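Fold and geometry: a report
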Amino acid sequence: MLEGKLDLSAVSDLYAKLSGVTDAVTMVDMHKVTHLGALAMQVLIAAAQATRGSDRTFTLRNTSDRVLAQMAAMGMTPEMIAETR
């Protein structure tokens, strides 16, 4: 579960959390995220791409309307990043 402001100051921690994950299913719960910056979104994209072509899946779930609007302003949707549920 991610929470708070995912801006430049949170990118290194986000990367550390996601880069070490080798689970077959990675579900990232976004319901407590209040802000999604471009660099944090790039980390999410990289984590999702790392699972493609393998038996692993990466899922974003419970993305708030506010974060969806921020993603849309950057030309992205959760579906463009990963499978959503």
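Summary of the structure given here. Note that the structure is predicted; figures quoted are calculated from it, not measured. (Residues numbered from 1 in each chain as written. Predicted model: local features only at pLDDT ≥ 70, side-chain atom pairs only at ≥ 80, totals over all residues. Heavy atoms only, no water.)

What to know about the nonpolar core
It is characteristic of soluble globular proteins that their nonpolar side chains tend to be buried jointly. Core analysis: the biggest nonpolar cluster contains 23 residues, and Met 30, Leu 36, Leu 44, Phe 58 and Ile 81 have the highest contact counts within it. Of all elements in the fold, only α1 (11-19), β3 (32-36), α2 (38-51), β4 (57-61) and α3 (65-73) reach the threshold of two or more residues within this core. No other element matches the 6 residues that α2 contributes to this core. With sequence-adjacent residues up to four places away left out, Leu 44 is seen in contact with Leu 2, Leu 18, Val 28, Met 30, Leu 36, Phe 58, Leu 60 and Ile 81. (Core = buried A, V, L, I, M, F, W, Y, C linked by side-chain atoms within 4.5 Å. Buried < 20%, exposed > 50% of the residue type's maximum accessible area, 1.4 Å probe, protein only. Helix = DSSP H or I, 4+ residues; strand = E, 2+ residues; numbered from the N terminus. Contact = heavy atoms within 4.5 Å.)

Looking at the side chain of Asp 29
Counting through the fold element by element, Asp 29 comes out in strand β2 (residues 25-29). Buried and without a salt bridge, Asp 29 has Arg 61 as its closest oppositely charged side chain, separated by 4.0 Å. Within the structure, Asp 29 has its side chain in polar contact with the side chain of His 31 (distance 2.8 Å). What Asp 29 contacts, discounting residues up to four positions off in sequence, is Met 1, Leu 2, Arg 61 and Asn 62. (Lys, Arg positive; Asp, Glu negative; His and termini not counted. Salt bridge = Lys/Arg side-chain N within 4 Å of Asp/Glu carboxyl O. Polar contact = N/O pair within 3.5 Å; in protein donor to acceptor, adjacent residues only side chain to side chain.)

Digging into α3
If you check which residues of α3 are buried, you get Val 67, Gln 70 and Met 71. Angular distribution of buried residues about the axis of α3 spans 100°; they occupy a single face of the element. Exposed positions of α3 whose direction lies more than 90 degrees from the buried face are Asp 65, Arg 66, Ala 72 and Ala 73. Next to the buried residues of α3 lie β3, α2 and α4 (78-81). Positioned one or two residues after α3, Gly 75 has a phi angle of 80°, which is positive. (Arc of directions from axis to C-beta.)

Focus on α2
For α2, which comprises 14 residues, the first-to-last C-alpha distance of 20 Å matches the rise-based estimate of 20 Å (1.5 Å per residue) to within 8%. Buried within α2 we find Ala 40, Met 41, Val 43, Leu 44, Ala 47, Ala 48 and Thr 51. Considered in projection along α2, the buried side chains sweep an arc of 155° and stay on one side of the axis. A positive backbone phi angle near 80° is found at Gly 53, which sits one or two residues after α2. (Expected span 1.5 Å × (residues − 1).)

Here's the deal with unusual backbone geometry
Despite not being glycine, Asn 62 shows a phi value in the positive range, around 55°. Residue placement: Asn 62 occurs in the loop between β4 and α3. On the accessibility criterion, Asn 62 (38% relative accessible area) is partly exposed.

Notes on the environment of Val 25
Relative to the elements of secondary structure, Val 25 occurs in strand β2. Exposure remark for Val 25: the relative accessible area of 44% places this residue in the partly exposed category. For Val 25 and Met 80, which are 55 residues apart along the polypeptide, the C-alpha to C-alpha distance reads 18 Å.

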